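Secondary and tertiary structure notes
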Amino acid sequence: MNNLKNIVLVTIIAVLIYSCNSSNSIPVDDFDHEAQALLDNDTLVQFLKNHYYDTSIDSVKALVDGKTALYQEINSMSITENDIDYTLYYYLKSEGNPSTDKGNPTVMDSVFVKYYGQRIVRSDSISNTFDNNDGIWFTLNSVIRGWSHGFTNFKGGDNITDNGPITFENGGKGILFIPSGLAYRNGGSGAILPNECLLFYIDLYDFTKDTDHDNDGIASIFEDPDGDGEPRNDDTDSDGIPNFFDNDDDGDGVLSLNEDKNGDGNPANDFSDIVNNPDLADYLNPDIK
Ligand SMILES: [Ca+2]
Ligand SMILES: [Ca+2]
Ligand SMILES: [Ca+2]
Ligand SMILES: [Ca+2]
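Quantities reported herein were computed from a predicted structural model and do not represent experimental measurements.

**Let's talk about the coordination of the calcium ion (ligand 2)**
In this structure, Asp224 (OD), Asp226 (OD), Asp228 (OD), Glu230 (O), Asn233 (OD1), Asp234 (OD) and Asp234 (OD) serve as the protein donors to the calcium ion (ligand 2), at separations of 2.1 to 3.1 Å. In primary-sequence terms, the residues that donate to the calcium ion (ligand 2) follow D-x1-D-x1-D-x1-E-x2-N-D.

**Side note on the packing of aromatic side chains**
The tally for this structure, following the rule as stated, stands at 16 aromatic pairs. With a centroid separation of 5.8 Å and an interplanar angle of 80°, the aromatic rings of Phe130 and Phe200 are classed as edge-to-face. In this pair, Phe130 sits in strand 6 (residues 125-139) while Phe200 sits in strand 10 (residues 197-208), placing the two residues 70 residues apart along the sequence. Residue Phe130 is classed as partly exposed on the basis of its relative accessible area, which comes to 24%. For Phe200, a relative accessible area of 3% gives the class buried. With centroids separated by 5.0 Å and ring planes inclined at 10°, the aromatic side chains of Phe168 and Tyr205 adopt a geometry described as stacked. Of this pair, Phe168 sits in strand 8 (residues 168-169) while Tyr205 sits in strand 10; the two residues are 37 residues apart in sequence, bridging distant segments of the chain. Feature note: the residues Tyr115, Phe130, Phe138, Trp147, Phe151 and Phe200 constitute an aromatic cluster, connected by ring pairs. A cation sits over an aromatic face here: Lys49 above Tyr71, 4.9 Å from the ring centre.

**Section: a negative patch on the surface**
Negative charge collects at one region of the surface, where Asp32, Glu34, Asp83 and Asp85 lie side by side. Structurally, Glu34 can be placed in helix 2 (residues 33-50).

**Section: unusual backbone geometry**
Not every positive phi belongs to a glycine, and Asp58 is a case in point at roughly 50°. Of the residues examined, Asp58 reaches a relative accessible area of 32% and is grouped as partly exposed. Non-glycine residue Asn170 carries a positive phi angle of around 70°. Within the secondary structure, Asn170 is located in the loop between strand 8 and strand 9 (172-178). Taking relative accessible area as the criterion, Asn170 reaches 37% and is therefore assigned partly exposed.

**Quick word on the coordination of the calcium ion (ligand 4)**
Around the calcium ion (ligand 4), the protein supplies Asp260 (OD), Asn262 (OD1), Asp264 (OD), Asn266 (O), Asn269 (OD1), Asp270 (OD) and Asp270 (OD) as donor atoms, at distances of 2.1 to 3.1 Å. One chain supplies every donor to the calcium ion (ligand 4), and in sequence these donors are spaced D-x1-N-x1-D-x1-N-x2-N-D. Looking at Asn266, the relative accessible area reads 26%, which means it is partly exposed.

**Some points on the sheet that holds strand 3 (residues 75-81)**
On the basis of which strands lie adjacent, the open sheet formed by 6 strands has the order 3-4-9-10-5-6 and antiparallel pairing. With partners counted over all chains shown, the strands left at the sheet margins are strand 3 and strand 6, one partner each. Across the sheet, the mean angle from the axis of one strand to that of its neighbour is 25°, orientation sign disregarded. Looking at chain direction, strand 4 (residues 84-94) and strand 9 are connected through 5 bridges and run antiparallel. Looking at strand 9, one finds that Leu92 is bridged to Gly174.

**Let's talk about the nonpolar core**
Of all hydrophobic cores here, the largest spans 28 residues; its most connected members are Val113, Tyr115, Phe138, Trp147, Ile178 and Phe200. Of all the secondary structure elements, the ones that give two or more residues to this core are strand 3, strand 4, strand 5 (110-121), strand 6, strand 9 and strand 10. Not counting chain neighbours up to four residues away, the residues in contact with Ile178 comprise Leu44, Leu88, Ile144, Gly146, Trp147, Ala183, Cys197, Leu198 and Phe200. Among the nonpolar cores identified, the runner-up in size contains 16 residues, and Phe47, Ile120, Ile175 and Phe177 belong to it.

**Some points on the pattern of salt bridges**
Inspection of the entire model under this criterion finds 10 salt bridges. Here Asp58 makes a salt bridge to Lys93, at a shortest N to O gap of 2.7 Å. With a gap of 35 residues between them, Asp58 in the loop between strand 1 (51-54) and strand 2 (59-62) and Lys93 in strand 4 connect regions that are remote in the sequence. Residue Lys93 is classed as partly exposed on the basis of its relative accessible area of 26%. Between Asp101 and Lys155 there is a salt bridge, with its nearest N and O atoms 2.8 Å apart. Residue Asp101 is located in the loop between strand 4 and strand 5, and its partner Lys155 is located in the loop between helix 4 (145-150) and strand 7 (158-159); the two are separated by 54 residues in the primary sequence. Overlapping salt bridges, with partners in common, bring together Glu81, Arg145, Glu230 and Arg232 in one network.

**So, the domain arrangement of the protein**
By the assigned domains, the protein splits into domain 1 (2-208) and domain 2 (212-289). One C-alpha centre belongs to domain 1, the other to domain 2, and the line joining them spans 31 Å.

Definitions and cut-offs
Residues numbered from 1 in each chain as written. Chains lettered and ligands numbered in written order. Predicted model: local features only at pLDDT ≥ 70, side-chain atom pairs only at ≥ 80, totals over all residues. Heavy atoms only, no water. Donors = N, O, S within 2.8 Å, 3.2 Å for Na, K, Ca; no water. Phe/Tyr/Trp six-rings, centres within 6.5 Å; stacked < 30°, edge-to-face > 60°. Helix = DSSP H or I, 4+ residues; strand = E, 2+ residues; numbered from the N terminus. Buried < 20%, exposed > 50% of the residue type's maximum accessible area, 1.4 Å probe, protein only. Lys NZ or Arg CZ within 6 Å of the ring centre and 35° of its normal. Patch = residues over 30% accessible without salt bridge, like charges linked within 9 Å, V, L, I, M, F, W, Y side chains within 5 Å. Areas by Shrake-Rupley, 256 points an atom, 1.4 Å probe, with all protein chains shown as cover. Salt bridge = Lys/Arg side-chain N within 4 Å of Asp/Glu carboxyl O. Lys, Arg positive; Asp, Glu negative; His and termini not counted. Charge placed at Lys NZ, Arg CZ, Asp CG, Glu CD. Pairing = 2+ DSSP bridges. Axes fitted to C-alpha atoms, helices over the stretch in contact; angles between N-to-C directions. Core = buried A, V, L, I, M, F, W, Y, C linked by side-chain atoms within 4.5 Å. Contact = heavy atoms within 4.5 Å. Domains from an automatic or database assignment.

Printed below as a string of structure tokens:
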């Protein structure tokens, strides 16, 4: 079990480093992402009308008589990224029914998943699997946005591993149908062509509730001082490291976890600047050390 923990830790660190270096920035280009979003939605809707989910073989297949099109059973969520509106579709085999219910992960949480992905080739065919894994940790802030949002609709399961292979039960299971704008956009990646919609069969085995990337006592999802629901764009001390990765958020030389006057482990509820800034927490206030 210790080996497993080490592997998990190394994986998380690797993903964090990747995310830190890429700084979550979106490349600016002349491509018409808004028009592509409309094209992608047409593709996905047509695809969902042309296919059904075959429970006996756990697979999406071309629609035949007597079967119900996926479009009739599909769930969707509206997502706005970079001022463009997208619809992400997902099929719920099971939301997940764990014995200990931690709720659902947020877009900033780390998840332990099994998955395989396929490309949606136009609206009428599916590629072979281009990527798969039987159990790997990701942090949802640093993967394609269709994953970040898609996994929030599922719950983790129960770890029933007993001296054998890692085994989970009662976790969420489903299929994500992702527009290219929430995947690899107009750049593509490896086998994925530019502007290709993707589908992923996913199992959510487990997740770290209130993932705290910088271990400062404040969950990453709450390191969002501008309150727009997007912690990746908050950098109080403008040092290029977003707050959720920055262990000294206000850059005053005192670690955020030490700006915890009342000592309850949460720096977000300490307000000492009564005269000048009574509503600004100390860890975000460079005048309070
Ligand atoms: Ca934190
Ligand atoms: Ca924000
Ligand atoms: Ca500080
Ligand atoms: Ca506190």
